Amino acid sequence: MKQLKQLFDFYLDSSIHVALSCFALVNCTYLILNISINYSVALFAFFGTIAGYNFVKFDALARAKKNNMSWKLKAIAGLSFLSLIIGIYYFLELQKNTKIIASVVLILTILYTLPFFPNKRNARNWAGFKIYIVAICWVGVTLLLPIINCDYKINFQIGILILQRLLLIFSLILIFEIKDLKNDDPHLKTVPQQIGVAKTKNLGFVLLILFVGLSSLNYNINFNFNDNGNGNINGNFNYQYLELNFVIAIVIGFFLFFSNENRSKYFTDFWVESIPILWWVLYLFTK
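Residues numbered from 1 in each chain as written. Predicted model: local features only at pLDDT ≥ 70, side-chain atom pairs only at ≥ 80, totals over all residues. Heavy atoms only, no water.

Let us look at the packing of aromatic side chains. The relation between two aromatic rings is expressed through the spacing of the ring centres and the mutual angle of the planes. Scanning the entire structure with this criterion turns up 18 aromatic pairs. With a centroid separation of 5.5 Å and 80° between ring planes, the pair formed by Phe23 and Trp280 is classed as edge-to-face. Pair noted here: Phe23 is in helix α2 (residues 16–33) and Trp280 is in helix α12 (residues 275–286), with a separation of 257 residues, a long-range link. Across the ring face of Phe257, the terminal group of Lys201 is positioned such that the distance to the ring centre comes to 6.0 Å. (Phe/Tyr/Trp six-rings, centres within 6.5 Å; stacked < 30°, edge-to-face > 60°. Helix = DSSP H or I, 4+ residues; strand = E, 2+ residues; numbered from the N terminus. Lys NZ or Arg CZ within 6 Å of the ring centre and 35° of its normal.)

Membership of the largest hydrophobic core comes to 73 residues, with the highest contact counts inside it found for Phe211, Val272, Ile275, Trp279 and Tyr283. Looking at this core element by element, the count peaks at 14 residues for helix α7 (residues 156–179). Those residues in contact with Trp279, other than ones at most four positions away along the chain, are Leu25, Cys28, Ile32, Arg165, Leu168, Phe211, Leu244, Asn245 and Ile248. (Core = buried A, V, L, I, M, F, W, Y, C linked by side-chain atoms within 4.5 Å. Buried < 20%, exposed > 50% of the residue type's maximum accessible area, 1.4 Å probe, protein only. Contact = heavy atoms within 4.5 Å.)

Scanning the entire structure with this criterion turns up one cavity of 30 Å³ or more. As a volume, the largest cavity reaches approximately 50 Å³. Along the walls of the largest cavity sit Ile32, Leu161, Gln164, Arg165, Phe211, Tyr241, Asn245 and Trp279, which together make up its complete lining. Put simply, the parts of the chain that give the lining of the largest cavity at least two residues each are α7 and α10 (239–258). If you tally residues by element for the lining of the largest cavity, the top one is α7, at three residues. (1 Å grid on protein atoms, 1.4 Å probe; cavity = no way out; pocket = protein on both sides within 12 Å on 5 of 7 lines; lining within 4 Å. Points joined across faces, edges and corners; volume = space filled by probe spheres on them.)

Let's shift gears to the pattern of salt bridges. Evaluated as defined, the whole model comprises five salt bridges. Of the charged contacts in the structure, one is a salt bridge between Lys72 and Asp13, with a shortest N-O distance of 2.3 Å. Here the residue Lys72 occupies a position in helix α4 (residues 71–92), and Asp13 occupies one in helix α1 (residues 2–13), the gap between them amounting to 59 residues. Residues Asp13 and Lys265 are paired through a salt bridge, measuring 3.2 Å at the closest nitrogen-oxygen approach. (Salt bridge = Lys/Arg side-chain N within 4 Å of Asp/Glu carboxyl O.)

Next up on the list: the packing of α7 against helix α11 (residues 265–272). Close contact between α7 and α11 brings their axes to 9 Å; oriented N to C, the two are set at 165°. The orientation of α7 with respect to α11, classified from their angle, is roughly antiparallel. For the pair α7 and α11, the crossing hand works out as left-handed. The residues of α11 that touch α7, namely those facing Leu172, Ile175, Phe176 and Lys179, are Lys265, Phe267, Thr268, Asp269 and Val272. In the contact of α7 with α11, the residues fall into five nonpolar, one polar and three charged. (Axes fitted to C-alpha atoms, helices over the stretch in contact; angles between N-to-C directions. Parallel < 35°, antiparallel > 145°, perpendicular 65-115°, else oblique. Left-handed = near helix turned anticlockwise from the far one by under 90°. Nonpolar A, V, L, I, M, F, W, Y, C, P; charged D, E, K, R; others polar.)

This part covers the packing of helix α6 (residues 130–149) against α7. With their axes 9 Å apart at the nearest point, α6 and α7 run at an angle of 140° to one another. For the element pair α6 / α7, the angle class is oblique. Viewed along their axes, α6 and α7 form a crossing whose handedness is right-handed. For the pair α6 and α7, contact is made by Ile131, Tyr132, Val134, Ala135, Trp138, Val139, Thr142, Leu143, Leu144 and Ile147 and by Ile158, Leu161, Ile162, Arg165, Leu166, Ile169, Phe170, Ile173, Leu174 and Glu177, respectively. Residue composition of the contact of α6 with α7, by class: 17 nonpolar, one polar and two charged.

This is the structure in structure tokens:
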């Protein structure tokens, strides 16, 4: 049992689970838009997330303990290096415009971790900026990369999807910020630090209502794109799109309601991170 727990902790701590969550959101984008999945994009997102998240989480720790790294940290470093190599391979398989978006996300990740100027804080410690940087990176990877890679131009319907994905990611991040309230530096000025836990939850509920409400602007849209990004948008009533958005909003609202600063890491790092995976599975079973 102890070995199983250690293996499960490694699965979480090495960012494999969050990478699977990112992979799931990429696949949700393909299913929503009826685009054939491009595995170069999906696998770039998966392996890039492992490398990027572990770089953010363990960069300072690894440099501080480079002469006395635990087996776990060494294993994570090895996995991250391997994921980086595989991620670069799939990056080279992307379309030119997709590479530009991926490069922007990479730059934001580096700024999030390393100081842009000497003796200055990194972007992760800029007051009030953390939630926006994380949200932009997730929307860029899970929504824009699949769309841009098929050469589809941004239109009103896609704009609604981008706004919805932002609202979805924001509401998920709020759960993490509530859980991390005790440990976050007060200078970060996270949402719960500025307005309190109760108002943060209320904000999250409003974001989720807007997320579902915006579905009404796209509910009668049936996206049909081919692999070149060409296609049509017709007016068939898409119950699935509306219903699944409502279901996933209810699930996020449930976790938001029960979130607090005393929850264990499994509450957020496993269960909350599993919500995009659940969304993907629901789409697969209802297609």
